[in-house]
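Inside the fold
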Amino acid sequence: MNRRDWLKGGAALAAAAGMANATPSVAQGAKPRSYFLTRIYKMQSGPSGKLLSTYLSDALLPALQRLGLGPVGVFNLSYGDATPQVYVIISGNDLEKLAKLDLLLAKDPAFVSAAAPFWATPATQSPFISVTSRLSIAFEGFPQLVVPAKEPRILQLRTYISPTFAAHERKVEMFHQGEFRIFEESGARGVFYSDNLIGPDLPSLTYMLAHKDLAAMDQNWKNFTSHPDWKKLSSNPRYASEPIVTHVDNLVLTPTAYSQI
C-alpha cells in the first residue's frame, strides 16, 4: 500500500479504529502543505553569537517578511550534541522562494545593507564553523505549522531516520493513524510534522513539539508511551514486525526573544 492509497481511506480507517479526531486537518483537505527550510549554524564559542543574532533579527527576518515567508523560528540549542548551535526554521508555501532564497536576498537592498556587518566579516573571524541546510514538506495530515502560545516554552525537535524508504513510509503512516492526536492528548502540542526532502540522513522525517518546560516534557512523554491508543498502534504488526526507525536525533531548543515560533 502506498501513501496515496492509505490517505484516501484515512478517515474511514481512523473512524474504524476509534480515531476519528486523530488528524483534524485531514478533513479540511484544501489547505496547502507548507515547506520548511532549516538552517543550522554551528557556532564558534565567544562573542560571534551576538553578531549572528543581530543579523537574524534585524536583517533576515524583515527580509523574509517582505518575501511573504514565515513564520520563522530562531532557536538556541539547549540540549543536544555540538553546542553552541542556532536553528533557523523558515516556513512558507512557496517552494521556489525557499529554494532561491539567497539569490532573492541578494537583490533586496534593505537586506544587503542590514546584513553587511555579518556578511562582510573577515574569513579569519568567521562567526560560524559551518551552516547545514535541510528542506522538508509538511505531512499531508498536518499541512500547516501551528505557532505555539507565546508563553514560557521549550521546543523539542526530533528526527527519525529509517533503514529503508518503505520503512520510512510506514513510520509516516503511523502519525496519520493516530500519533498527532495522541501527542495532543498527552500534553505535547504539535508545531509541525514533515518529510525531509533534501539534506543529510535520508530517508527521514522531522517534527517539533512544544512543552512548558523540561519537567512537562518528561511527563508528556510518559503520558504518550502509556496511552492505550499508542500501545495499540505501536503493537500493530505492520509497524512492529521490524525496525522502522534506526536512529533518533532528539534536541531541546529554546526560542530567542524575536522568534516567531
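These lines cover the structure that appears in this document, whether it is placed above or below. All figures in this text were calculated on a predicted structure; none of them were measured in a lab.

Right, let's get into the overall build of the protein. A tally of helices and strands in the protein yields eleven helices and eight strands. Residues classed as buried in the protein amount to 48% of the 261 residues present. Surface exposure of the protein reaches about 12,600 Å², of which carbon and sulfur atoms provide 56%.

All right, on to unusual backbone geometry then. Following G70, the chain continues to P71 via a peptide bond in cis, the omega torsion being 5°. Assignment of secondary structure puts P71 in the loop between helix 4 (48-66) and strand 2 (72-79). Here L202 and P203 are connected by a cis peptide whose omega angle stands at -5°. Take P203: it is sitting in the loop between strand 6 (189-198) and strand 7 (204-211).

What follows is about the packing of helix 8 (residues 165-186) against helix 9 (residues 214-226). Contact geometry for helix 8 and helix 9: axes closest at 8 Å, N-to-C directions at 130°. The angle between the axes of helix 8 and helix 9 places the two elements in the oblique class. Once helix 8 is placed against helix 9, the crossing between them reads as right-handed. Residue-level contacts link E179, I182, F183 and S186 of helix 8 to N220, W221, N223 and F224 of helix 9. The residue makeup of the contact of helix 8 with helix 9, split by class, is four nonpolar, three polar and one charged.

Within the fold, I89 resides in strand 3 (residues 85-92). Classification of I89 as buried rests on a relative accessible area of 1%. If near-sequence neighbours (up to four positions away) are discounted, I89 is found in contact with F36, L37, T38, P71, V72, G73, F75, L157, F192, M208 and I261.

Turning our eyes to something else, we now look at the packing of aromatic side chains. Considering all chains together, one arrives at 23 aromatic pairs under this definition. Centre to centre, the rings of Y55 and F118 are 4.3 Å apart; their planes meet at 10°, and the pair counts as stacked. Of this pair, Y55 sits in helix 4 while F118 sits in helix 7 (residues 109-119); the two residues are 63 residues apart in sequence, bridging distant segments of the chain. Across this residue pair, the class does not change: Y55 and F118 are buried. Each member of the aromatic cluster is reached from another via a ring pair, and the members are F139, F142, Y160, F175, F180, F183, Y193, Y207, W221, F224 and W230.

Our next topic: the pairing of strand 8 (residues 247-255). Sheet analysis places strand 2 next to strand 8, joined by four bridges and oriented antiparallel. By the bridge assignment for strand 8, N76 is matched with T254. Relative to strand 8, strand 5 (residues 154-161) is paired through seven bridges, and the arrangement is antiparallel. When the bridges of strand 8 are listed, L157 appears paired with L251.

About the thresholds
- Residues numbered from 1 in each chain as written.
- Predicted model: local features only at pLDDT ≥ 70, side-chain atom pairs only at ≥ 80, totals over all residues.
- Heavy atoms only, no water.
- Helix = DSSP H or I, 4+ residues; strand = E, 2+ residues; numbered from the N terminus.
- Buried < 20%, exposed > 50% of the residue type's maximum accessible area, 1.4 Å probe, protein only.
- Areas by Shrake-Rupley, 256 points an atom, 1.4 Å probe, with all protein chains shown as cover.
- Axes fitted to C-alpha atoms, helices over the stretch in contact; angles between N-to-C directions.
- Parallel < 35°, antiparallel > 145°, perpendicular 65-115°, else oblique.
- Left-handed = near helix turned anticlockwise from the far one by under 90°.
- Contact = heavy atoms within 4.5 Å.
- Nonpolar A, V, L, I, M, F, W, Y, C, P; charged D, E, K, R; others polar.
- Phe/Tyr/Trp six-rings, centres within 6.5 Å; stacked < 30°, edge-to-face > 60°.
- Pairing = 2+ DSSP bridges.

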